[in-house]
Amino acid sequence: MEMNAAIKAELISIGAVDIDPLLLGRLTIPTAGPGAGGKAFFFRSGRHRVRLIVDEGSPLRAVKDNGEIVILKGGKELVRGTIEEELIHCPEQAYITMSERCIYDCKFCPVPKLKGKVKSTEELLALVKEAHSLGRMKGISITSGVEISPEKEVERAVELVKKLKKYNVPIGVSVYPTKDSSRLLKEAGATEIKYNVETMDREIYDKYCKKPPLDFTLECLKDAVKIFGKNHVYTNFIVGLGEADETVEKYYEELAEMGVIPIIRAVGVHPLRFGELDVERPTKERLLKLAKMAKKILDKYGLDAGAAKTMCLPCTGCDLNPHIDL
Ligand code: SF4
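Just so it is clear, the structure is predicted and the values come from calculations on it, not from any experiment.

Trainee: I would appreciate a short explanation of the overall build of the protein chain in the present structure.
Mentor: Of the regular secondary structure elements, the protein chain holds 10 helices and 13 strands. In terms of overall size, the protein chain behaves like a compact globule, its C-alpha atoms giving a radius of gyration of 19 Å where 326 residues would be expected to give roughly 20 Å. Expressed along its principal axes, the backbone C-alpha trace of the protein chain runs to roughly 55 × 45 × 40 Å. Out of the 326 residues belonging to the protein chain, those deemed buried represent 55%. Long-range contacts, defined as pairs at least 24 residues apart, comprise 73% of the intrachain contacts of the protein chain with a sequence gap of at least 6. If you sum the accessible surface of the protein chain, you get close to 13900 Å²; carbon and sulfur atoms cover 52% of it. Taken together, the 50 basic and 48 acidic charged side chains of the protein chain have centroids lying 3 Å from each other.

Spelled out as structure tokens, the structure:
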């Protein structure tokens, strides 16, 4: 059976599959964001794609059958498709991470605990060059933890964007914002931007987001829409931290009204964060319901989640894109 929105919602909700690593192609281990440090692969079926973590304990099992990969649930076929190779982190983009460490300590993110590498500009340029040589690079995305200060990361991203313009592909940047990060990145040549609110529930934000206040990010998002325009500004909105669907809907609309496209992201707990937060991975029903709600709101404000060229919206690995998956 080919994947559809309901099957994809179920796969996201479970998030992991038991698969023989020998069946997987070229893999990169993500070094930023909630999935950092885990082994995962991209599964493509029909017009849908999903990124799944490799986990022997998953209720889903994947096997090879007739040249395809079949995902089984309770021994029965749930969906069949193929494995898509990555360029860097995702299939059609070079998605690079500048600093694999962070001075903040948001409880849902493993990066501060990983204390990873800070890549030099030369190293990052070499990575993109290699990805480009594979011939499938449709976009470049840049992200980062905060090594010293948000200003320093923006400065590095600006320098990098200027050097990456020669590839003539859209460049998206997702960093912690600063007062003038949107202007600086736009002038450098970035085409899309993502500043993550993480959650819009103030109480949950105060409990788990150990970075500067949410209102600052919101101000920066507003400013970003003025500079980058409609359909070019995004934010991750995590669900599963204890927020109500009504809260998600209310604030999803607030963001959309500002011209920002929120990405509804199912919470995941990295092993390094076990015990630090109380979460409930959203069910497939909840994910589908929220995606439908998102589509209605985006349509109301004339926003198109299918128009994005970089980062998570065109990748669709971790979320239901309301205009691609529904
Ligand atoms: S959806 Fe975003 S976080 Fe997930 S694999 Fe794609 S680019 Fe990475």
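Trainee: Help me understand the site of the ligand, please; the structure alone is not making it clear to me.
Mentor: The immediate surroundings of the ligand are formed by Phe42, Arg51, His89, Tyr95, Arg265, Cys312, Cys315, Gly317 and Cys318. Here the shell around the ligand is composed, by residue class, of five nonpolar, two polar and two charged.

Trainee: What should I look at first to understand the pattern of salt bridges in this one?
Mentor: Between side chains of opposite charge, a pair can form as their charged atoms come close. In total, this model carries 28 salt bridges according to the counting rule given. Between Asp245 and Arg286 there is a salt bridge, with its nearest N and O atoms 2.6 Å apart. Of this pair, Asp245 sits in helix H8 (residues 245–258) while Arg286 sits in helix H9 (residues 284–300); the two residues are 41 residues apart in sequence, bridging distant segments of the chain. Since its relative accessible area comes to 16%, Arg286 is described here as buried. One salt-bridge network, in which partners are shared between bridges, spans Arg44, Arg49, Glu84, Glu92 and Lys138.

Trainee: I would appreciate a short explanation of the nonpolar core in the present structure.
Mentor: The nonpolar side chains of soluble globular proteins are, as a tendency, buried together. One finds Ile142 and Leu185 to be the most contacted residues of the largest nonpolar core, which totals 77 residues. No other element matches helix H7 (residues 214–228), which puts seven residues into this core. Residue contacts for Leu185: discarding those within four places in its chain leaves Ala157, Val158, Val161, Val173, Val175, Ala190, Ile193 and Phe228. Core analysis: the next-biggest nonpolar cluster, separate from the first, contains 24 residues, Leu11, Ile12, Ile19 and Leu52 among them.

Trainee: Mind showing me how you'd approach the sheet that holds strand S9 (residues 139–143) here?
Mentor: Each strand in a sheet pairs with its neighbour through backbone hydrogen bonds, running either in the same direction (parallel) or in the opposite one (antiparallel). Sheet architecture is open: seven strands sit in the order S7-S8-S9-S10-S11-S12-S13, paired in mixed fashion. Looking at the sheet topology across the chains shown, the edges are occupied by strand S7 (89–90) and strand S13 (261–266). Sheet topology note: the strand S11 (residues 192–194)/strand S12 (residues 233–239) ladder contains two bridges and is parallel. Paired with Ile193 across the strands is Val233, a residue of S12. Against the sheet, H7 contacts S11 and S12, and its axis sits at roughly 145° relative to S12. Sitting on the sheet, H8 is in contact with S12 and S13, with an inclination near 170° to S12.

Trainee: So what exactly am I meant to see when it comes to the environment of Gly302 here?
Mentor: Assignment of secondary structure puts Gly302 in the loop between H9 and helix H10 (312–315). Under the relative-accessibility criterion, Gly302 is labelled partly exposed at 42%. A sequence separation of 252 residues divides Gly302 from Val50, and the C-alpha atoms of the two residues are 26 Å apart. Excluding anything up to four places from it in sequence, Gly302 contacts Lys230 and Asn231.

Trainee: Can you help me understand the state of the cysteines in this one?
Mentor: Each disulfide consists of one covalent bond between the sulfur atoms belonging to two cysteines. Going through the model one piece at a time under the given rule, you end up with zero disulfides. No disulfide involves Cys90; its nearest neighbouring cysteine sulfur is the one of Cys315, lying 4.2 Å away.

Trainee: Explain H9 here, please?
Mentor: Residues separated by three or four positions in an α-helix point in the same direction, a consequence of the helix having 3.6 residues per turn. Its 17 residues place the ends of H9 24 Å apart at the C-alpha level, agreeing with the 24 Å of an ideal helix rising 1.5 Å per residue. Of all the residues in H9, the buried ones are Arg286, Leu287, Leu288, Leu290, Ala291, Met293, Ala294, Ile297 and Leu298. Here the buried face of H9 lies against helix H1 (5–14), S12, H8 and S13. Immediately downstream of H9, the backbone of Gly302 shows phi near 65°, a positive value.

Trainee: Even after reading the chapter, I still don't get the sheet that holds strand S5 (residues 68–73), so can you show me in this structure?
Mentor: The sheet built from six strands is open, its strands ordered S1-S3-S2-S6-S5-S4 with mixed pairing. The open sheet has two edge strands with one neighbour each: strand S1 (16–17) and strand S4 (60–65).

Trainee: Help me out: how do you make sense of unusual backbone geometry in this one?
Mentor: Of all residues except glycine, most have a negative phi; of all peptide bonds, most are trans. A positive phi angle is found at Lys115, which is not glycine, with a value near 45°. Looking at the element boundaries, Lys115 is found in the loop between helix H2 (111–114) and helix H3 (121–133). Since its relative accessible area comes to 56%, Lys115 is described here as exposed. Positive phi is not limited to glycine here, since Asn231 has a value of about 70°. Examined against the element boundaries, Asn231 turns out to sit in the loop between H7 and S12.

Conventions used here
Residues numbered from 1 in each chain as written. Predicted model: local features only at pLDDT ≥ 70, side-chain atom pairs only at ≥ 80, totals over all residues. Heavy atoms only, no water. Helix = DSSP H or I, 4+ residues; strand = E, 2+ residues; numbered from the N terminus. Rg over C-alpha atoms; globule rule 2.2 N^0.38 Å. Buried < 20%, exposed > 50% of the residue type's maximum accessible area, 1.4 Å probe, protein only. Contact = heavy atoms within 4.5 Å. Areas by Shrake-Rupley, 256 points an atom, 1.4 Å probe, with all protein chains shown as cover. Lys, Arg positive; Asp, Glu negative; His and termini not counted. Charge placed at Lys NZ, Arg CZ, Asp CG, Glu CD. Near = heavy atom within 4 Å. Nonpolar A, V, L, I, M, F, W, Y, C, P; charged D, E, K, R; others polar. Salt bridge = Lys/Arg side-chain N within 4 Å of Asp/Glu carboxyl O. Core = buried A, V, L, I, M, F, W, Y, C linked by side-chain atoms within 4.5 Å. Pairing = 2+ DSSP bridges. Axes fitted to C-alpha atoms, helices over the stretch in contact; angles between N-to-C directions. Disulfide = S-S within 2.5 Å. Expected span 1.5 Å × (residues − 1).

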